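A structural walkthrough
Below, each chain spelled out in residue letters.
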There are 2 protein chains.
Amino acid sequence: MEIITSLDNKHIKNLSKLLIKKYRDQEDMFLVEGEHLVEESFKSGNLIELIKTEDYERDFDVPTTIVTYEVLKKLSSSVTPQKVIGVVKKLEEKKYGNKILILDNLQDPGNLGTIIRSSVAFNVDTIVLSENCVDLYNDKVIRSSEGMLFHINVIKRNIDEFIDEIHEEGYKVLGTKVTDGENVKKVEVPEKVAIIMGNEGAGVRCEILDKCDKYLYISMNKVCESLNVGVATSIILYELF
Amino acid sequence: MEIITSLDNKHIKNLSKLLIKKYRDQEDMFLVEGEHLVEESFKSGNLIELIKTEDYERDFDVPTTIVTYEVLKKLSSSVTPQKVIGVVKKLEEKKYGNKILILDNLQDPGNLGTIIRSSVAFNVDTIVLSENCVDLYNDKVIRSSEGMLFHINVIKRNIDEFIDEIHEEGYKVLGTKVTDGENVKKVEVPEKVAIIMGNEGAGVRCEILDKCDKYLYISMNKVCESLNVGVATSIILYELF
């Protein structure tokens, strides 16, 4: 089998553009790195192509390109790249179910990845991202999701409109406030429910809070003003779902 | 007041060494950036010196050095530095109380910062770090702790020896295992207790698990193998303390 050795190879050059959001959006594809993520993408049916070094032994039943480690590095964003990279088609947006998590203007990729992981752990069926959230297909999001993004429905929406839409469908929307609301330990969970979490620094926007049916808080020591948003979200999901 | 404008100024050059762990250990000092962290360090009595630009108006009652923004940048590890930096003396290790969190070989600075924040929120009195943990005074740890490191006792110890020591004092040591143990929701909390959490990838070491009195697990969907360690730790603290 032919091995691509040239850093100027056209196919590799094109694929390396997927490290940039603009091209991911244009091509509807993204890259994943390492066996675990490649395997998860394969199982989900979204793996299009495998890029690997000659000494990486495992095969997946998709078109495969063998490259030198130097060439493979061009497709990686990690300091010490693993020997296999997957070219993956973006996940299809599906209709949401009864347990929704809305993320409004979340910016940190590690937080989003962590929240995706916890959402799968605690049975959220759909995550709704606002248009200004960090990109779902950012490499750090994918890495910190530990492959869990292949196990959950994620959709992108205008949050203000989305809340109006689900309100009409009978959903209750729960926001978080430090100052008042119900203790998350004691709250009764509606059958059709959306929990909304906001930006790392600013929290949930006032206009969005105004649309909420109920507010939640996590009881904690007053010295600590707030928790990391990934932690706060996870505790709420853990308690409610 | 004199303004330091030279990047070669000896005092600034010396302080910039505190960006490196070796020098922080040598000098027993570290740097914090931004008003919130400077304020927390001041309140804790550990702020030694303030470095600020001329247009930063607030004063703290410690020796103050005015510098240009270019000079200040030399002491910062962020992309867009804030206008104030504090030189802070390392926190004193105190005797532990009855609610201990042990972190064995935790590597990610963001995780440690997040865990410090949650530990204050959920009333841990002492965090014990193994000798191979990420440095407490790493800038990312400090930043993601949101200043909460000034509100908790953190000590560094050989974990194996420490567990033997607290066992003799009547503490119960709780470890985490995915496969068996008690649901964290239902566990009875001993009066003197230490919870132990392990490395991001490998979890708690076998030799340490063997020393535990009880194992805990967080009930979750089987599709998800594990949670982020900051999230898992926070949920356990939230439930137990």
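Now for a description of the structure that goes with this document. Just so it is clear, the structure is predicted and the values come from calculations on it, not from any experiment. (Residues numbered from 1 in each chain as written. Chains lettered and ligands numbered in written order. Predicted model: local features only at pLDDT ≥ 70, side-chain atom pairs only at ≥ 80, totals over all residues. Heavy atoms only, no water.)

Observations concerning the overall build of chain A
- Looking only at helices and strands, chain A has nine helices and twelve strands in total.
- On the principal axes, the C-alpha backbone points of chain A span a range of 65 × 40 × 30 Å.
- Contacts in chain A between residues at least 24 apart in sequence constitute 74% of all its contacts with a sequence separation of at least 6.
- Surface summary for chain A: the accessible area is close to 11300 Å², and the carbon and sulfur share equals 47%.
- Placing the 31 positive and 41 negative side-chain charges of chain A at their respective mean positions leaves the two points 1 Å apart. (Helix = DSSP H or I, 4+ residues; strand = E, 2+ residues; numbered from the N terminus. Contact = heavy atoms within 4.5 Å. Areas by Shrake-Rupley, 256 points an atom, 1.4 Å probe, with all protein chains shown as cover. Lys, Arg positive; Asp, Glu negative; His and termini not counted. Charge placed at Lys NZ, Arg CZ, Asp CG, Glu CD.)

Brief notes about the sheet that holds strand 10 (residues 182-183) of chain B
All names here are of chain B.
- One open sheet holds the seven strands; their spatial order is 8-7-6-11-9-12-10, and the pairing between them is parallel. Because the sheet does not close on itself, it has two edges, and the strands there are strand 8 (153-156) and strand 10.
- Sheet analysis places strand 10 next to strand 12 (residues 214-217), joined by two bridges and oriented parallel. Following the sheet pairing, Asn-183 is matched in strand 12 by Tyr-217.
- Along the sheet, helix 7 (residues 159-168) makes contact with strand 6 (99-103), strand 7 (126-129), strand 8, strand 9 (172-176) and strand 11 (193-197), crossing strand 6 at roughly 160°. (Pairing = 2+ DSSP bridges. Axes fitted to C-alpha atoms, helices over the stretch in contact; angles between N-to-C directions.)

Focus: the interface of chain A and chain B
- Taken together, the contact pairs 26 residues of chain A with 26 residues of chain B.
- Here chain A and chain B share an interface that buries about 2300 Å² over both sides, 61% of which is from carbon and sulfur atoms.
- There are two salt bridges connecting chain A and chain B.
- With a closest N to O distance of 3.8 Å, Glu239(A) and Lys185(B) form a salt bridge. (Buried area = accessible area lost by both parts, 1.4 Å probe. Salt bridge = Lys/Arg side-chain N within 4 Å of Asp/Glu carboxyl O.)

A look at the pattern of salt bridges
- Taken as a whole and judged by the stated rule, the model has 38 salt bridges over all chains.
- In this structure, Asp104(B) and Arg205(B) form a salt bridge, with 2.8 Å as the shortest nitrogen-oxygen distance. Here Asp104(B), found in the loop between strand 6 and helix 5 (109-121), pairs with Arg205(B), found in the loop between strand 11 and helix 8 (206-209); they are 101 residues apart in sequence, far enough to count as distant.
- Ionic contacts of the salt-bridge type, sharing partners, join the residues Asp104(A), Asp160(A), Arg205(A) and Glu207(A) into one network.

Digging into the environment of Glu239(B)
- In this structure, Glu239(B) sits in helix 9 (residues 229-240).
- In this structure Glu239(B) comes out as buried when scored by relative accessible area, which is 16%.
- A sequence separation of 120 residues divides Glu239(B) from Ser119(B), and the C-alpha atoms of the two residues are 12 Å apart.
- When neighbours within four sequence positions are excluded, Glu239(B) is seen to be in contact with Lys185(A), Tyr238(A), Glu239(A), Val184(B) and Lys185(B).
- A distance of 2.7 Å separates polar atoms of two side chains, one belonging to Glu239(B) and the other to Tyr238(A). (Buried < 20%, exposed > 50% of the residue type's maximum accessible area, 1.4 Å probe, protein only. Polar contact = N/O pair within 3.5 Å; in protein donor to acceptor, adjacent residues only side chain to side chain.)

Section: the side chain of Arg117(A)
- Mapped onto the elements of the fold, Arg117(A) is located in helix 5 (residues 109-121).
- Within the buried set, Arg117(A) has no salt-bridge partner at all; the shortest N-O distance to an opposite charge, 4.2 Å, is to Glu146(A).
- A distance of 3.0 Å separates the side chain of Arg117(A) from the backbone oxygen of Leu227(B), its partner in a polar contact.

Here we look at the relation of the copies chain A and chain B
- Note on the identical chains: chain A maps onto chain B by a rotation of 180° and an axial translation of 0.0 Å, with an RMSD of 0.0 Å. On the angle and the small slide along the axis, the relation comes out as a two-fold axis. Of every C-alpha in chain A, the one belonging to Val231(A) sits nearest the axis of rotation, 2.6 Å from it.
- Comparing interface residues between copies, 100% of those in chain A also sit at the interface in chain B, which points to an isologous, same-surface contact. (Least-squares fit on C-alpha atoms with pLDDT ≥ 70 in both.)

Here we look at the pairing of strand 5 (residues 84-89) of chain A
All names here are of chain A.
- Among the six residues of strand 5, five are classified as buried, and the element is accordingly described as predominantly covered.
- Across five bridges, strand 2 (residues 29-33) lies against strand 5 in antiparallel orientation. Bridge pairing links Met-29 to Lys-89 in strand 5.
- In this sheet, strand 5 lies alongside strand 3 (residues 47-53) in antiparallel orientation, the contact comprising five bridges. Across the sheet, Leu-50 pairs through a bridge with Gly-86, a residue of strand 5.

Description of the sheet that holds strand 10 (residues 182-183) of chain A
Residues and elements named next belong to chain A.
- Taken in spatial order, the seven strands of this open sheet run 8-7-6-11-9-12-10, and their pairing is parallel. The sheet is open, and its two edges are formed by strand 8 (153-156) and strand 10, each paired on a single side.
- Packed onto the sheet, helix 5 meets strand 6 (99-103) and strand 7 (126-129) and runs at close to 175° relative to strand 6.

Observations regarding the packing of aromatic side chains
- All told, the structure shown has twelve aromatic pairs over all chains when counted by the stated rule.
- For the pair Phe30(B) and Phe150(B), a centre-to-centre distance of 6.3 Å together with 20° between the ring planes defines the contact as stacked. Linking Phe30(B) in strand 2 (residues 29-33) with Phe150(B) in the loop between helix 6 (139-144) and strand 8, this pair joins segments that are 120 residues apart in sequence.
- Owing to a relative accessible area of 0%, Phe30(B) belongs among the buried residues under this scheme.
- Given a relative accessible area of 11%, Phe150(B) falls into the buried group.
- Taken together, the ring pairs connect Phe30(A), Tyr137(A) and Phe150(A) into an aromatic cluster.
- Over the ring of Tyr96(A) we find Lys95(A); its NZ or CZ atom is 3.7 Å from the centre of that ring. (Phe/Tyr/Trp six-rings, centres within 6.5 Å; stacked < 30°, edge-to-face > 60°. Lys NZ or Arg CZ within 6 Å of the ring centre and 35° of its normal.)

Observations concerning the packing of helix 9 (residues 229-240) of chain A against helix 9 of chain B
- Where helix 9 of chain A contacts helix 9 of chain B, the two axes come as close as 9 Å, and the packing angle between them is 55°. By the angle between their axes, helix 9 of chain A is oblique relative to helix 9 of chain B. In this structure, the crossing between helix 9 of chain A and helix 9 of chain B has a hand that is right-handed. Across the interface between the two elements, Gly230(A), Val231(A), Ser234(A), Ile235(A), Tyr238(A) and Glu239(A) of helix 9 of chain A pack against Gly230(B), Val231(B), Ser234(B), Ile235(B), Tyr238(B) and Glu239(B) of helix 9 of chain B. (Parallel < 35°, antiparallel > 145°, perpendicular 65-115°, else oblique. Left-handed = near helix turned anticlockwise from the far one by under 90°.)

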